[in-house]
Amino acid sequence: MPTTPDKEQSCCCIGRDSFGHWLSGFVDGEGSFILQTQQRPGGFSCHASLRIELRDDDSDIINLIKDFWQVGNIYMRKGRKRLDTTTKPNVQYVVSGWETLNTVIVPHFTKYPLRAKKKRDFEIWKDAVDFAYRVSLSRSNHKWTELYIEMFSNFVKRLNETRLYTSTKLET
């Protein structure tokens, strides 16, 4: 993460460190740690990403985040009709790629930890990203063996299980 006066100013004039803490809190509420496997004609593929999706009238926030990390892509999405409602246009920020996730995103959340339940998601996601990154470095042809796909699929399953809602009793 390069530090320049311009990047310092793009972080709302609060400094990179303060922005880093703010960003972790923001991702805790608005971000998603994604793990996926997909069947393709040539076999399975495994993917991970960090996604933040907001209404398009909050696109300035997405641009600040991209400026801070200096990685990822921004996608504009039109509103969609769903049942009897129409969603608003939105903007999606996506960071993917094993090396980028392992060298930019994971260190960020290690330095600026998540505080809410998404911390559990991150711990599993981080282990999956580390595993996949090591696999990608060790495989000259980048093909995933059945064993690697099964191991990655276990991360996907654990992540989905940790997201199940469990009610807690509040003391009154």
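Just so it is clear, the model here is predicted, and its values are computed rather than measured.

## Observations regarding the overall build of the protein
- A count of helical and extended segments in the protein gives six helices and six strands.
- When the helices and strands of the protein are read in sequence order from the N terminus, they spell out α-α-β-β-α-β-β-β-β-α-α-α.
- A separation threshold of at least 6 residues defines the contact pool for the protein, and within that pool the share at least 24 residues apart is 61%.
- Per element, the accessible surface of the protein, about 10900 Å² overall, is 50% carbon and sulfur.

## Points about the pairing of strand β6 (residues 90-96)
- Burial of β6 is extensive: six of the seven residues sit out of reach of the surface.
- Taken together, the seven bridges between strand β2 (residues 43-55) and β6 define a ladder with antiparallel strand orientation. Its bridge partner lying in β6, Arg51 is registered against Val94.
- Examined bridge by bridge, strand β3 (residues 73-77) and β6 share five bridges and lie antiparallel to one another. Paired with Ile74 across the strands is Tyr93, a residue of β6.

## Re unusual backbone geometry
- Positioned with a positive phi, Gln70 is a non-glycine residue whose angle comes to about 65°.
- Mapped onto the elements, Gln70 comes out in the loop between α3 (59-69) and β3.
- Judged by its relative accessible area of 38%, Gln70 is partly exposed.

## A word on the sheet that holds β6
- An order of β1-β2-β6-β3 is seen for the four strands of this open sheet, with the pairing classed as antiparallel. The open sheet is flanked by β1 (31-40) and β3, the only strands paired with a single partner. Pairs of neighbouring strands in the sheet enclose a mean axial angle of 35°, with direction left out of account.
- By the bridge criterion, 10 bridges tie β1 to β2 in an arrangement that is antiparallel. Looking at the pairing, Phe33 lines up with Leu50 of β2.
- Packed onto the sheet, helix α2 (residues 16-30) meets β1 and β2 and runs at close to 105° relative to β2.
- Against the sheet, helix α5 (residues 118-138) touches β1 and β2, its axis set at about 40° to β1.

## A word on the confidence of the model for the protein
- Averaged over every residue, the pLDDT of the protein is 87; the share at 70 or more is 88%.
- Contacts for the low-pLDDT stretch residues 1-9, under 50 throughout, to residues beyond four places or in other chains number 14 contacts.

## Some details on α5
- Taking 1.5 Å of rise per residue, 21 residues should cover 30 Å, and α5 covers 30 Å from first to last C-alpha, within 8% of that figure.
- Every buried residue belonging to α5 is among Lys118, Asp121, Phe122, Ile124, Trp125, Ala128, Val129, Phe131, Ala132, Tyr133, Val135 and Ser136, and all of these are buried.

## Topic: the layout of surface pockets
- Taken as a whole, the largest pocket holds about 240 Å³ of empty space.
- Along the walls of the largest pocket sit Asp28, Ala116, Lys117, Lys118, Arg120, Asp121, Thr162, Arg163, Leu164, Tyr165 and Thr166, which together make up its complete lining.
- Looking at the lining of the largest pocket element by element, the count peaks at three residues for α5.
- Looking at side-chain class alone, the lining of the largest pocket contains three nonpolar, two polar and six charged residues.

Criteria and thresholds
- Counting restarts for each chain, with residues numbered from 1 along the sequence as it is written.
- For a predicted model such as this one, the threshold for reporting local features is a pLDDT of at least 70, and the threshold for listing and counting side-chain atom pairs is 80 or more; totals across whole chains, interfaces and linings nevertheless cover every residue.
- The basis for every side-chain value is the complete set of heavy atoms in the structure, and neither hydrogens nor water enter the calculation.
- Numbering goes from the N terminus for both helices and strands, where a helix is a DSSP run of H or I of at least four residues and a strand is a run of E of at least two.
- What makes two residues a contact is simply this: any of their non-hydrogen atoms within 4.5 Å.
- Each accessible area is a Shrake-Rupley estimate made with a 1.4 Å probe; only the visible protein chains count as cover when residues are assessed.
- Throughout this description, buried means an accessible area under 20% of the type-specific maximum (1.4 Å probe, protein chains only), exposed means over 50%, and partly exposed covers the range between.
- When DSSP locates at least two bridges between a pair of strands, those strands are taken to pair.
- To get an axis, fit a line to the C-alpha atoms, keeping to the stretch in contact for a helix; angles then go from 0 to 180 degrees between the N-to-C directions.
- Confidence scores per residue from the predictor, reported as pLDDT, run from 0 to 100.
- Take the residue count of a helix, subtract one, and multiply by 1.5 Å to get its expected span.
- For cavity detection a 1 Å grid was placed over the protein atoms alone, and a set of points counts as a cavity when a 1.4 Å probe fits there but cannot get out; an open set counts as a pocket when protein lies on both sides within 12 Å along at least five of seven lines, with lining residues being those that have an atom within 4 Å of a point.
- Grid points are joined across faces, edges and corners, and a volume is the space filled by probe spheres set on the points.
- Throughout this entry, Asp, Glu, Lys and Arg are counted as charged residues, while Ala, Val, Leu, Ile, Met, Phe, Trp, Tyr, Cys and Pro are counted as nonpolar. The remaining residues, Gly among them, count as polar.

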